[in-house]
Amino acid sequence: LIVGESYRSSAGSGFCKRYAFGPLCTDLTVNYPCSWVPGKTALRKNRESAVRNMSQAQLYVISWLKRLTVADGYASAPGLSVEARNALSAVVSGRWFYSPDKNGRLHHNFANLKKEARPYLRLDGSPLVGCDYSSLHPNLILSLATDRAERAKMAKALEGDFYSTLVGCTTKEQRDKAKVEFNSGVNDRNHKGHKYPAWVAFIREYPKTAAQVMALKSSDHRQAACVLQRMESRLVFSEVMATLERQGVPAISLHDAIFTTPAHKEAVRSAMMAAAQRSLGICIRA
């Protein structure tokens, strides 16, 4: 291998050398150091592409994401998994990841962070407080419902714990199971809906509204989830985050939840509830 002259890389991040193959040598071994990291180069390209496709509200979230810091002592904290420590180390060193998906959701370091690591994060020196929508996807389905009687009945159920009311459960474990079953029924193929008791109960209680959901995924079972995620993204970014940006409120989105500092939690909660009423015409508790 013949080593030629150096030149600056087109990415502007360093220098490269030109190489050429010389006569084949079988008795010579030479190790040339290489600082090129393919993954890092790919990440840079993906990040630039992601930024070009972000809305102003999404960029506002990223601006606050980059202000996250980590409390001292996380590296030796008992009970913290290696994965959680590595994720916090990425925040400390500024290795940010962010990318919007086709349905408008924004994925980033914080969205992929384990819950056990969140107490160690700080935003402008303050711990984080999360506000999320109560039973968001059932509420989004309610906003699509056209039958007046079923709308009134479903709205009444959503004033309490929707999943517990749906299947008549009494424990948190049963309620969590019902939530998983309901979402699985929404997302799976129509002919497999009988596998999920909570979804079967929804069909029995709200047959016309359930038929609307099943019509969404008649040709592609993924379509119902796409519709609901797009509605969620439009609500969070076009409505809630736009309001918070105008007010200058610290805010980092995690799908249907928004994290802020304790001093701003009521501002976030009010903005979330007002946005749902304004854009969907229904009251969703935050």
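Since we're looking at a predicted model, the values are computed, not measured. Within every chain, residues take consecutive numbers counted from 1 along the sequence as written. Reporting in this predicted model follows two pLDDT cut-offs: at least 70 for local features of residues, and 80 or more for side-chain atom pairs to be given and counted; totals over whole chains, interfaces and linings ignore these cut-offs and use all residues. Neither water nor hydrogens contribute to the side-chain values; these are computed over all heavy atoms in the structure.

J.: Describe the packing of aromatic side chains, with residues and values.
T.: To describe a pair of aromatic rings, one takes the distance between the centres and the angle between the planes. Centre distance within 6.5 Å is the pairing criterion for rings of Phe, Tyr and Trp, where only the six-membered ring of Trp is used; planes under 30 degrees apart are then read as stacked, over 60 as edge-to-face, and the remainder as tilted. Taken as a whole and assessed by the stated rule, the structure comprises ten aromatic pairs. When the centroid spacing of 5.1 Å and the interplanar angle of 40° are considered together, the rings of Phe-202 and Tyr-206 count as tilted. By the ring-pair criterion, three or more aromatic residues cluster together here, those being Phe-162, Tyr-163, Phe-182, Trp-199, Phe-202 and Tyr-206. Just above the ring of Tyr-206 sits the side chain of Lys-153; from NZ or CZ to the centre is 5.4 Å. Distance and angle both matter: a charge sits over a ring if NZ of Lys or CZ of Arg is within 6 Å of the ring centre and within 35 degrees of the ring normal.

J.: So what's going on with the pairing of strand β9 (residues 257-260)? Residues and values would help.
T.: Both faces of β9 are covered, namely the face carrying Ala-257 and Phe-259 and the face carrying Ile-258 and Thr-260. The rule for pairing is simple: two strands pair if DSSP sees at least two bridges between them. Numbered from the N terminus, helices here are DSSP runs of H or I no shorter than four residues, and strands are runs of E no shorter than two. The sheet contact formed by strand β7 (residues 129-132) and β9 spans four bridges and is antiparallel. Bridge assignment links Asp-132 to a residue of β9, and that residue is Ala-257. Examined bridge by bridge, strand β8 (residues 252-254) and β9 share three bridges and lie antiparallel to one another. Among the inter-strand pairings, Ile-252 is bridged to a residue of β9, identified as Phe-259. Following β8, the chain reverses through two residues before pairing antiparallel with β9; His-255 in that reversal takes a positive phi of roughly 60°. Here the term buried applies to any residue with accessible area under 20% of the maximum for its type, exposed to any over 50%, and partly exposed to those in between, with areas from a 1.4 Å probe on protein chains only.

J.: Explain unusual backbone geometry residue by residue, including any values.
T.: Despite not being glycine, Ser-135 has its phi angle at roughly 50°, a positive value. Within the secondary structure, Ser-135 is located in the loop between β7 and α4 (136-144). Non-glycine residue His-255 carries a positive phi angle of around 60°.

J.: Talk me through helix α8 (residues 197-205); I want residue IDs and the actual numbers.
T.: When we look at burial in α8, the residues that qualify are Ala-198, Trp-199, Ala-201 and Phe-202. The buried residues of α8 occupy an angular sector of 155° when projected down its axis, which confines them to one face. If you follow the buried residues of α8, they end up packed against α4, α5 (148-158), α6 (162-167), α7 (172-187) and α9 (207-216). The arc refers to the directions leading from the helix axis to the C-beta atoms. Contact between two residues is taken to exist if any of their heavy atoms lie within 4.5 Å; hydrogens are not considered.

J.: Explain the sheet that holds β7 residue by residue, including any values.
T.: Read across the sheet, three strands follow the order β7-β9-β8 without closing on themselves; strand pairing throughout is antiparallel. Across the chains shown, the open sheet's two edge strands, defined by having one partner strand only, are β7 and β8. In this sheet, adjacent strand axes meet at a mean angle of 25° when their direction is disregarded. For helices, the axis comes from a line fit to the C-alpha atoms of the stretch in contact; other axes are also lines fit to C-alpha atoms, and the angle between any two N-to-C directions lies between 0 and 180 degrees. Helix α10 (residues 223-247) rests against β8 and β9 of the sheet, and its axis sits at about 20° to β9.

J.: Outline the environment of Ala-75, listing residues and values.
T.: Residue placement: Ala-75 occurs in the loop between β3 (68-70) and α3 (82-92). Spatially, the C-alpha atoms of Ala-75 and Arg-85 are 6.3 Å apart, while their sequence positions differ by ten residues.

J.: Give a detailed account of the environment of His-108, specifying residues and quantitative values.
T.: Within the secondary structure, His-108 sits in strand β5 (residues 106-108). The spacing of His-108 and Val-61 is 47 residues in sequence and 9.9 Å in space, taken between C-alpha atoms. Filtering out sequence-adjacent residues up to four positions away, His-108 remains in contact with Val-61, Leu-65, Phe-97, Tyr-98, Ile-252 and Ser-253. Pairing of N or O atoms within 3.5 Å defines a polar contact, subject to two protein rules: one partner must be a possible hydrogen donor and the other a possible acceptor, and residues neighboring in sequence count only if both atoms are side-chain atoms. In this structure the side chain of His-108 is engaged in a polar contact, spanning 2.9 Å, whose partner is the backbone oxygen of Ser-253.

Spatial relationships are all this shows, so hold off on functional conclusions.
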